[in-house]
Protein chains: 2
Amino acid sequence: MPKKITIYDIAKEAGVSAATVSRAITGRGYVSEKNKILILSLVDKYNFRPNTFARNLKTGYTKMIGFIVPHIGNMYFANVYYEFEKWASSYGYMTILLNSKGDYEVESNLLKALIEKHVDGIVMMGGRIDASNLPEDYIKEINEIRKQIPFVACGAKTERFNCSGIYTDDEKGVEELLVYLKNRGYQRITLIGGGDEFIPSYIKKQKAISIAEKLGLDVSVRWLTGNEVFSNRAGYEGMKILLKENPRPEVVCGINDYVAMGAIKAVMEAGLNIPMDIAITGFDDVSIATMTPVQITTVSPRYEYFGKKVFGSLHKMIKNKTDNHSKMTLIKPELVIRNSTR
Amino acid sequence: MPKKITIYDIAKEAGVSAATVSRAITGRGYVSEKNKILILSLVDKYNFRPNTFARNLKTGYTKMIGFIVPHIGNMYFANVYYEFEKWASSYGYMTILLNSKGDYEVESNLLKALIEKHVDGIVMMGGRIDASNLPEDYIKEINEIRKQIPFVACGAKTERFNCSGIYTDDEKGVEELLVYLKNRGYQRITLIGGGDEFIPSYIKKQKAISIAEKLGLDVSVRWLTGNEVFSNRAGYEGMKILLKENPRPEVVCGINDYVAMGAIKAVMEAGLNIPMDIAITGFDDVSIATMTPVQITTVSPRYEYFGKKVFGSLHKMIKNKTDNHSKMTLIKPELVIRNSTR
């Protein structure tokens with residue numbers, strides 16, 4: 001095969017910048033008449049088509065991927081995105097990152113916009129993917145989209161969407177955490193943060209209750225209400241209530257590390273010692289879990305592997321033009337023991 | 001003007017999904033022969049061109065923006081991106097978010113890829129933008145790009161690039177912080193984290209020294225060495241060294257909140273009280289600054305306003321097809337007083 005002509009080859013031969021070549025071709029922005037004629041004659045000579053158009057018209061690919069998260073300021077999503085984007089870039093894909101605030105209507109608008117852009121595939125996290133009581137229309141929308149375009153949902157079980165899903169094995173994570181806590185001699189354990197309306201929370205709760213029975217542990221679940229059940233503040237307020245109870249739990253497991261950090265703050269303000277007076281654990285292993293005076297025992301989704309799997313799964317569908325109907329990939333999480341438990 | 005025909009109008013009239021229309025047009029993926037003929041006849045009838053092509057060929061716009069950061073897992077960049085993307089989306093732009101790791105060569109590759117994608121504009125943060133001793137080639141590259149395509153650098157002073165720049169007024173931030181500390185009765189102050197090779201650190205250091213002289217404060221600067229001078233670990237290690245000194249500083253100012261958090265951890269491990277035994281401050285006001293047992297007094301870049309300004313500045317250049325040659329916009333930062341200072 002002859003070497004593929006790039007915009008840089010044209011630019012070099014014409015003695016102009018790549019951007020000038022681009023402008024001459026798209027007709028956008030100023031190019032001198034002399035350069036325009038020169039460039040367009042070279043374009044003809046080499047039958048050169050700029051990538052964006054060429055891919056669209058010839059191969060049908062845009063080499064673009066859409067990635068929707070609720071809020072990139074949440075380190076869980078930022079970590080998955082970072083690892084995903086590393087792989088996407090290395091395969092020549094550019095990823096559009098959109099924030100949905102977890103709002104279903106915003107998600108619909110963003111999905112439409114991505115389809116209009118002819119992205120080669122879409123990854124979606126949070127929002128409707130994790131919602132327990134999702135109106136039928138929002139399920140159907142994903143069902144339609146995943147038939148038309150490679151689509152990967154990640155974070156929660158996604159059978160109802162009939163799409164490919166990559167998610168952390170939360171049941172395994174809860175089991176490992178509780179077995180570890182039992183082995184360390186803990187008995188009274190309370191889960192805080194989250195809510196039944198979020199599938200990952202619900203899965204963790206159900207598993208915690210069933211494992212507790214098996215292991216003979218005293219496990220209770222105190223979900224929080226309001227809009228920010230996964231926040232630091234939720235953990236702080238939830239912990240303040242628990243501290244007034246008698247007997248107090250021996251371990252408080254935050255539904256994520258933000259909630260765990262909030263709980264730690266409340267415990268320290270009460271003048272108690274972690275882990276001697278009370279132990280705290282989290283989920284997700286975001287970087288802050290090691291930045292606090294007390295480092296948090298947590299369950300890691302193994303971001304590097306996770307992000308690689310998400311890209312790999314999407315890329316396979318793009319390349320093979322297949323629809324991996326309801327293919328679920330479970331990522332085994334990893335228990336990370338630090339000093340918030342004794 | 002007649003209503004612009006969209007892919008949804010074609011889909012509705014053909015009784016198929018928008019994605020099916022897209023596949024019929026691009027020739028990518030399966031469409032039944034019957035539907036293909038129907039769709040393509042409607043495309044002809046309405047002279048419909050899908051957006052991606054239409055915008056490229058007719059208006060010259062792709063409605064795409066490229067945004068390069070070193071690492072989206074750093075909350076400073078994630079916060080700016082979130083606010084920026086909110087505005088970009090609301091104006092119909094899709095933003096490609098790329099991680100450069102702050103590596104100049106990676107940045108060059110990403111810039112080339114974005115230009116090949118014909119993005120309407122580029123925003124760049126960190127990496128070469130903040131570098132003090134940047135090889136001439138990397139300066140020239142930006143200089144060339146900003147002539148061809150709307151380009152905004154943000155975070156540091158950018159005169160040498162001759163491009164538009166949006167940055168926090170770090171001098172003002174340092175001044176407000178030191179005046180506040182003096183008013184609270186502090187005298188011996190040490191800056192840690194950062195390094196002269198980063199322009200924002202250098203600016204902060206120079207300003208701290210000159211303000212100290214004016215206010216009669218005893219200010220010293222202890223930069224760190226190594227690759228991660230802005231990290232939690234850097235703050236932790238740096239603080240451990242300072243704690244051995246006699247006399248100890250009364251206030252340790254981290255170059256950012258990550259460094260401040262690391263310093264807090266070292267102080268608490270040493271059994272000292274913040275702010276009674278030693279005060280700590282940060283910069284950037286990332287969310288973790290309020291999540292720790294000790295909440296960090298810090299300097300906020302006012303993300304909402306910052307992100308809006310970055311988008312506004314880029315959008316103006318895109319709309320007017322102008323090059324805001326070296327237009328610098330300084331954002332006045334805000335001192336946020338919390339309980340890590342008395």
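1. Describing the sheet that holds strand β7 (residues 218–222) of chain A
Residues and elements named next belong to chain A.
Part 1: Taking strand neighbours across the sheet as the criterion, the four strands line up as β7-β6-β8-β9 in an open arrangement whose pairing is parallel. Strands with a single pairing partner mark the edges of an open sheet, and in this sheet they are β7 and β9 (279–281). With strand direction ignored, the average angle separating the axes of adjacent strands in the sheet is 20°.
Part 2: The strands touched by helix α9 (residues 199–215) are β6 (188–192) and β7; relative to β7, the strand with the most contacts, the crossing angle is about 160°.

2. Some points on the relation of the copies chain B and chain A
Part 1: For the pair chain B and chain A, the relating rotation is 180°, the translation along its axis is 0.1 Å, and the fit reaches an RMSD of 0.2 Å. The superposition operator between the copies reduces to a two-fold rotation axis. Within chain B, the C-alpha atom positioned nearest to the axis of rotation is that of I96 of chain B, 2.0 Å from it.
Part 2: Most of the interface of chain B is mirrored in chain A, where 96% of its interface residues are also at the interface.

3. Section: the interface of chain B and chain A
Part 1: If you look at the interface, chain B gives 56 residues, while chain A gives 54 residues.
Part 2: The set of elements that each furnish at least two residues to the side of chain B that touches chain A consists of α2 (18–26), α4 (51–59), α5 (75–90), β2 (94–99), α6 (104–116), α7 (136–148) and α11 (257–269) of chain B.
Part 3: If you tally residues by element for the side of chain B that touches chain A, the top one is α5 of chain B, at eight residues.
Part 4: Across the side of chain B that touches chain A, the residue classes break down as 24 nonpolar, 22 polar and ten charged.

4. Describing the nonpolar core
Part 1: In this structure, Y81, V123 and A263 of chain A together with Y81, V123 and A263 of chain B are the most contacted members of the largest nonpolar core, which totals 198 residues.
Part 2: Every residue in contact with V123 of chain A, bar those within four places of it in the chain, is listed here: I65, F67, F84, V152, C154, V310 and L314 of chain A.

5. A few points about α7 of chain B
Residue and element names in this part refer to chain B.
Part 1: Over its 13 residues, α7 extends 19 Å from the first C-alpha to the last, a length consistent with the 18 Å expected when each residue adds 1.5 Å.
Part 2: By the burial criterion, the buried members of α7 are I142, I145 and R146. Angularly, the buried residues of α7 cover 95° about the axis, an arc narrow enough to put them on a single face. Among the exposed residues of α7, those pointing more than 90 degrees away from its buried face are E136, D137 and K140.

6. Considerations on the environment of E245 of chain B
Part 1: On the secondary structure map, E245 of chain B appears in the loop between α10 (232–243) and β8 (251–254).
Part 2: For E245 of chain B, a count of 10 C-beta atoms within 10 Å translates into the label exposed.

7. Section: the domain arrangement of chain A
Part 1: Domain assignment breaks chain A into domain 1 (7–59), domain 2 (64–168 + 304–333) and domain 3 (170–300).
Part 2: For domain 1 of chain A versus domain 2 of chain A, the separation of C-alpha centres amounts to 35 Å.

8. So, the pairing of strand β8 (residues 251–254) of chain A
Residues and elements named next belong to chain A.
Part 1: Side chains V251 and C253 of β8 all project onto a buried face; the interleaved residues V252 and G254 project onto the opposite face, where all are buried too.
Part 2: Sheet analysis places β6 next to β8, joined by four bridges and oriented parallel. For I192, the partnering residue across the bridge sits in β8 and is G254.
Part 3: Two elements, β8 and β9, share three bridges in a ladder whose sense is parallel. Among the inter-strand pairings, V252 is bridged to a residue of β9, identified as I280.

9. Concerning the confidence of the model for chain A
Residue and element names in this part refer to chain A.
Part 1: Confidence in the prediction for chain A averages 90 pLDDT; 93% of positions are at 70 or higher.
Part 2: Scored below 50 in pLDDT, residues 51–58 shows 14 contacts in the model against residues more than four places distant or in partner chains.
Part 3: Across the interface, the model reports ipTM at 0.84; the global pTM reads 0.85.

10. Brief notes about the environment of L42 of chain A
Residues and elements named next belong to chain A.
Part 1: Structurally, L42 can be placed in helix α3 (residues 33–45).
Part 2: L42 sits 33 residues away from D9 along the chain, and the two C-alpha atoms are 9.7 Å apart.
Part 3: Here L42 is in contact with I10, E13 and A14, once residues within four sequence places are set aside.

11. Quick look at the sheet that holds strand β9 (residues 279–281) of chain B
Sheets are built from strands that pair by backbone hydrogen bonding, the pairs being arranged parallel or antiparallel.
Residues and elements named next belong to chain B.
Part 1: Across the sheet, four strands lie side by side as β7-β6-β8-β9; this open sheet has parallel pairing. Either end of the sheet is taken by a strand with one partner, and the two such strands are β7 (218–222) and β9. With direction set aside, neighbouring strand axes in the sheet form an average angle of 20°.

12. Focus on the packing of helix α10 (residues 232–243) of chain A against helix α11 (residues 257–269) of chain A
Residue and element names in this part refer to chain A.
Part 1: Closest axis-to-axis distance for the α10/α11 pair is 6 Å, and the angle between their directions is 45°. Overall, the two elements α10 and α11 adopt an arrangement that is oblique. Judged by the twist between their axes, the crossing of α10 over α11 is right-handed. Packed against α10, whose contacting residues are N232, R233, A234, G235, Y236, G238, M239, K240 and L243, the element α11 presents Y258, V259, A260, M261, G262, A263, K265, A266 and V267 at the interface.
Part 2: Grouping the constituent residues of the contact of α10 with α11 by class yields eleven nonpolar, four polar and three charged.

13. Notes on unusual backbone geometry
Part 1: In this structure, P247 of chain A follows N246 of chain A across a cis peptide bond, with omega equal to 0°.
Part 2: The topology assignment puts P247 of chain A in the loop between α10 and β8.
Part 3: Cis geometry marks the peptide bond from I274 of chain A to P275 of chain A; its omega dihedral reads 10°.
Part 4: Unusually for a residue other than glycine, H118 of chain A sits at a positive phi of about 60°.
Part 5: Of note, R302 of chain B is a non-glycine position whose phi angle comes to about 55°, a positive value.

What counts, and where the lines are drawn
- Residues numbered from 1 in each chain as written.
- Chains lettered and ligands numbered in written order.
- Predicted model: local features only at pLDDT ≥ 70, side-chain atom pairs only at ≥ 80, totals over all residues.
- Pairing = 2+ DSSP bridges.
- Helix = DSSP H or I, 4+ residues; strand = E, 2+ residues; numbered from the N terminus.
- Axes fitted to C-alpha atoms, helices over the stretch in contact; angles between N-to-C directions.
- Contact = placed C-beta atoms within 7 Å.
- Least-squares fit on C-alpha atoms with pLDDT ≥ 70 in both.
- Nonpolar A, V, L, I, M, F, W, Y, C, P; charged D, E, K, R; others polar.
- Core = buried A, V, L, I, M, F, W, Y, C linked by C-beta atoms within 7 Å.
- Buried ≥ 20, exposed ≤ 12 C-beta atoms within 10 Å, placed from the backbone.
- Expected span 1.5 Å × (residues − 1).
- Arc of directions from axis to C-beta.
- Domains from an automatic or database assignment.
- pLDDT = per-residue confidence, 0-100.
- Parallel < 35°, antiparallel > 145°, perpendicular 65-115°, else oblique.
- Left-handed = near helix turned anticlockwise from the far one by under 90°.

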